[in-house]
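So you can see what is in the structure, the chains are spelled out below.
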Amino acid sequence: MAEKLTLTHERVDDIPLLIGLAQKLHLPEVLDRHLGNHGNHQGLSNGWLATVWLAYILSESDHRKSSVEEWAWQHRQTLERLLGQPIRRTEFSDDRLEIVLRRLSQTAAWEALETDLWQATVEVYDLEVTSVRLDSTTTYGYHTRTEDGVMQYGHSKDHRPDLPQLKLMAAAAEPSGHLLACDVHPGQAADDPLYRPLIARVRQMLGRSGLLYVGDSKMAALATRADIVAHGDYYLMPLPLTGETAQQVEAWIDAVVEGEQMATLIWGEERLLGGGYEFERPMIARVDGKPVTWTERVQVVRSLALAERESQQLEQRLAKAEAALRALTPPPGRGRRPYRDEAALQTAVSQVLERYDVTGLLQVTWRREEETVTRYVGRGRGSPKRPVRTEVRVRYVIAEVRRDEEAIQRRKYRLGWRIQVTNLPVAQMSLAQTVVHYREGWCLERDFHLVKDRPIGIRPLYVRRDDQIIGLTRLLTLALRLLTLIESQVRRGLAQAGEVLSGLYEGQPRRTTDRPTGVRLLKAFARAEITLTRIEMGPQVMWHITPLSGLLERILAYLGLSAALYQRLAENSS
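Notes on the structure in this doc start here.

Rules used in this analysis
- Residues numbered from 1 in each chain as written.
- Predicted model: local features only at pLDDT ≥ 70, side-chain atom pairs only at ≥ 80, totals over all residues.
- Heavy atoms only, no water.
- Helix = DSSP H or I, 4+ residues; strand = E, 2+ residues; numbered from the N terminus.
- Rg over C-alpha atoms; globule rule 2.2 N^0.38 Å.
- Contact = heavy atoms within 4.5 Å.
- Salt bridge = Lys/Arg side-chain N within 4 Å of Asp/Glu carboxyl O.
- Buried < 20%, exposed > 50% of the residue type's maximum accessible area, 1.4 Å probe, protein only.
- Pairing = 2+ DSSP bridges.
- Axes fitted to C-alpha atoms, helices over the stretch in contact; angles between N-to-C directions.
- Parallel < 35°, antiparallel > 145°, perpendicular 65-115°, else oblique.
- Left-handed = near helix turned anticlockwise from the far one by under 90°.
- Nonpolar A, V, L, I, M, F, W, Y, C, P; charged D, E, K, R; others polar.
- Patch = residues over 30% accessible without salt bridge, like charges linked within 9 Å, V, L, I, M, F, W, Y side chains within 5 Å.
- Areas by Shrake-Rupley, 256 points an atom, 1.4 Å probe, with all protein chains shown as cover.

What the chain contains, in helices and strands, is 19 helices and 16 strands. For 574 residues, the compact-globule formula gives about 25 Å, and the C-alpha radius of gyration of the chain, at 33 Å, lies well above that figure. Expressed along its principal axes, the backbone C-alpha trace of the chain runs to roughly 130 × 70 × 55 Å. Partitioning the intrachain contacts of the chain with sequence separation of at least 6 by distance along the chain shows that 68% fall at a separation of at least 24.

Our next topic: the pattern of salt bridges. Here the structure, examined in full by the defined rule, presents 41 salt bridges. Note that Arg64 and Asp62 form a salt bridge whose closest N and O atoms lie 3.0 Å from each other. Residue classification places Asp62 among the buried positions, given a relative accessible area of 13%. For Asp191, the salt bridge goes to Lys167, with nearest N and O atoms at 2.6 Å. Pair noted here: Asp191 is in the loop between β4 (178-186) and α8 (195-206) and Lys167 is in strand β3 (residues 165-175), with a separation of 24 residues, a long-range link. The residues Asp191 and Lys167 share a single accessibility class, namely buried. Beyond isolated ion pairs, a larger network of salt bridges with shared partners links Glu111, Glu114, Asp183, Arg201 and Arg481.

Once that is clear, we can look at the sheet that holds β4. Within the open sheet, the nine strands sit side by side as β4-β3-β2-β5-β6-β12-β9-β8-β7. Their pairing is mixed. The open sheet has two free edges, formed respectively by β4 and β7 (264-268), since each of these has just one partner strand. Along the sheet, successive strands turn relative to each other by an average axial angle of 25 degrees, direction set aside. Pairing of β7 with strand β8 (residues 271-287) involves five bridges; the strand directions are antiparallel. By the bridge assignment for β8, Leu265 is matched with Gly275. Contacting β2 (129-140), β3, β5 (212-214), β6 (234-238), β7, β8, β9 (290-303) and β12 (417-422), helix α14 (residues 431-439) crosses the sheet at an angle of about 85 degrees to β9.

As a further point, take the packing of helix α2 (residues 27-35) against helix α7 (residues 107-124). Where α2 contacts α7, the two axes come as close as 9 Å, and the packing angle between them is 155 degrees. Classified by the angle between their axes, α2 and α7 sit roughly antiparallel to one another. Like other packed secondary-structure pairs, α2 and α7 cross with a definite hand, here right-handed. Contacts between α2 and α7 involve Leu27, Val30, Leu31, Arg33, His34 and Leu35 from the former and Ala109, Ala112, Leu113, Asp116 and Leu117 from the latter. Tallied by class, the residues present in the contact of α2 with α7 amount to eight nonpolar, one polar and two charged.

Among the secondary structure elements, Leu58 is positioned in helix α3 (residues 46-60). The buried category is assigned to Leu58, whose relative accessible area is 3%. In sequence terms Leu58 and Glu342 are 284 residues apart; their C-alpha atoms lie 68 Å from each other. Leu58 has contacts with Asp14, Leu18, Pro455, Ile456, Ala479, Leu482, Leu483 and Leu522, leaving out every residue within four places of it along the chain.

A few words on the environment of Gln312. As for its position among the elements, Gln312 is in helix α11 (residues 304-326). A residue is classified by how much of its surface remains accessible, and Gln312, at 43% relative accessible area, is partly exposed. For the pair formed by Gln312 and Lys412, sequence separation is 100 residues and the distance between their alpha carbons is 9.8 Å.

Let's shift gears to the sheet that holds strand β16 (residues 540-545). One open sheet holds the three strands; their spatial order is β1-β15-β16, and the pairing between them is antiparallel. The open sheet has two edge strands with one neighbour each: β1 (5-11) and β16. The average angle at which neighbouring strand axes cross in this sheet is 20 degrees, direction not considered. Two strands pair when backbone bridges link them, and strand β15 (residues 531-537) and β16 are joined in this way by six bridges, in the antiparallel orientation. Following the sheet pairing, Met537 is matched in β16 by Gln540.

What follows covers a nonpolar patch on the surface. On the surface, a cluster of nonpolar side chains totalling about 380 Å² of accessible area is made up of Leu265, Trp267, Leu272 and Leu304. With respect to the helices and strands, Leu272 occurs in strand β8.

To continue, consider helix α15 (residues 443-452). Given 3.6 residues per helical turn, the α-helix brings residues three or four places apart onto the same face. Burial runs high along α15: seven of the ten residues are buried. Those residues of α15 that fall on the buried side of the exposure criterion are Cys443, Leu444, Asp447, Phe448, Leu450, Val451 and Lys452.

With that settled, consider unusual backbone geometry. Following Arg454, the chain continues to Pro455 via a peptide bond in cis, the omega torsion being 10 degrees. Examined against the element boundaries, Pro455 turns out to sit in the loop between α15 and α16 (466-497). Along the chain, Arg459 connects to Pro460 via a cis peptide bond; the corresponding omega equals -5 degrees. If you trace the backbone, Pro460 turns up in the loop between α15 and α16. The phi torsion at His26 lies on the positive side, around 60 degrees, for a residue other than glycine. Here His26 lies in the loop between α1 (15-24) and α2. On the accessibility criterion, His26 (39% relative accessible area) is partly exposed. Phi at Asp288 is positive, roughly 55 degrees, even though this residue is not glycine. Here Asp288 lies in the loop between β8 and β9. Taking relative accessible area as the criterion, Asp288 reaches 70% and is therefore assigned exposed.

Here you go:
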């Protein structure tokens, strides 16, 4: 009698890659060190629970707790062989994952965890830090706002002011964009006071001074700049056009427009970016009660791209204003009330010009029109001998709306300008270099896009309590670190080898790239449908795994991982 053959299939996909990368970074050990475990804890440690959950998030594009338990059980053979530990059915229950989030929500443990994880990362991968970029973003959820909760109404960068949100303040290493540290704040928190604590934490984490910190205009508070200087560091940011700067900026721009100040052309990669000039000024402020003095470079810079965009916006406003002005005095008709008072029409014209910010750019003229109307006095039918009265009706009509081309051109000369400040010595970074450096600071904005889009998908958050919200947000930033590390290391390997990858794009097998995204790299493993098969024939049990393609082996090699991660899953045993 023939023996019965039983085949059991288990999709593997990118799980070994993600678990292997986490092990290479000693992530489970780092997590265990700072999350700890209860004295009666059984089964997988909190560090391993969090690590497997991260693999689930990046592999399945889902951060819900409720789905992890079933997923882990479906991939039990793969996970047990990767972790070297047995997995129970209840290992990833909601209760156990809630404990992980609660411990991640503890600020002191989180900050120490981030420091240790960074040290573990740079021990494995050579991540260069030429400067640190800081910025904030918001993310919303369908939560009920509470008085002291983390989910609050505020200025939404996601265009959802109707939903409560939290604020994520982050610092990333340039040029890689790898996340260094992040803080979670209530959604209505102002950005200005959030920079100094994060900079102090990054400074301690890196153990370096003399580093450049780059941010947007919300980082330009005098106290923040003075604190950076007091610690021997450098800053670069645009100034907000408020306060003293708003009073001075017109004169700084006029100096160039009127020809009193020579401007330097600014080039980037053989492309003209714009022009500008700079001057120095002495600065003084107090930090912790002690005076701090330094010299600041004020850079008056015009971006051609920004000027073109603002010029198009001006033309659109001019067209809308002209249409609105002509609509003030339509032809006579039913329901149309004419302007019979010249002052009222003049006021309406001024309001339209102010609304579209085109005062002085459009010349508006109007004319007085009179209409003589003869009516019979009193009621009843008219007759030749009946007395009449004559009325003169006056209305004012827009006669012409003319563009003042000279004034419009003068306004356009003043578009596209911004003011940057830095305390970097000129010998260390020239005017053009500072402009290019600031413009290339897309890395942190891209991190924010990645954390909001799939596979991480931070919005909306599927937890309710504040400790769970904070803990899950921090867990998702760990997922972001893994994703960006995959991307940056593969790109770096391709650049060093002078190679490209093909086969990453569905339906375009010959398309190549030397800058693959982390998402597309993980999709390559999913599309390969790598499957672990258990083969049972009587008492004999054997294993088989789908062979890796050359593309997948190259990706693993760029990450410093071996194809044996997958091959070991199929080590046969009876």
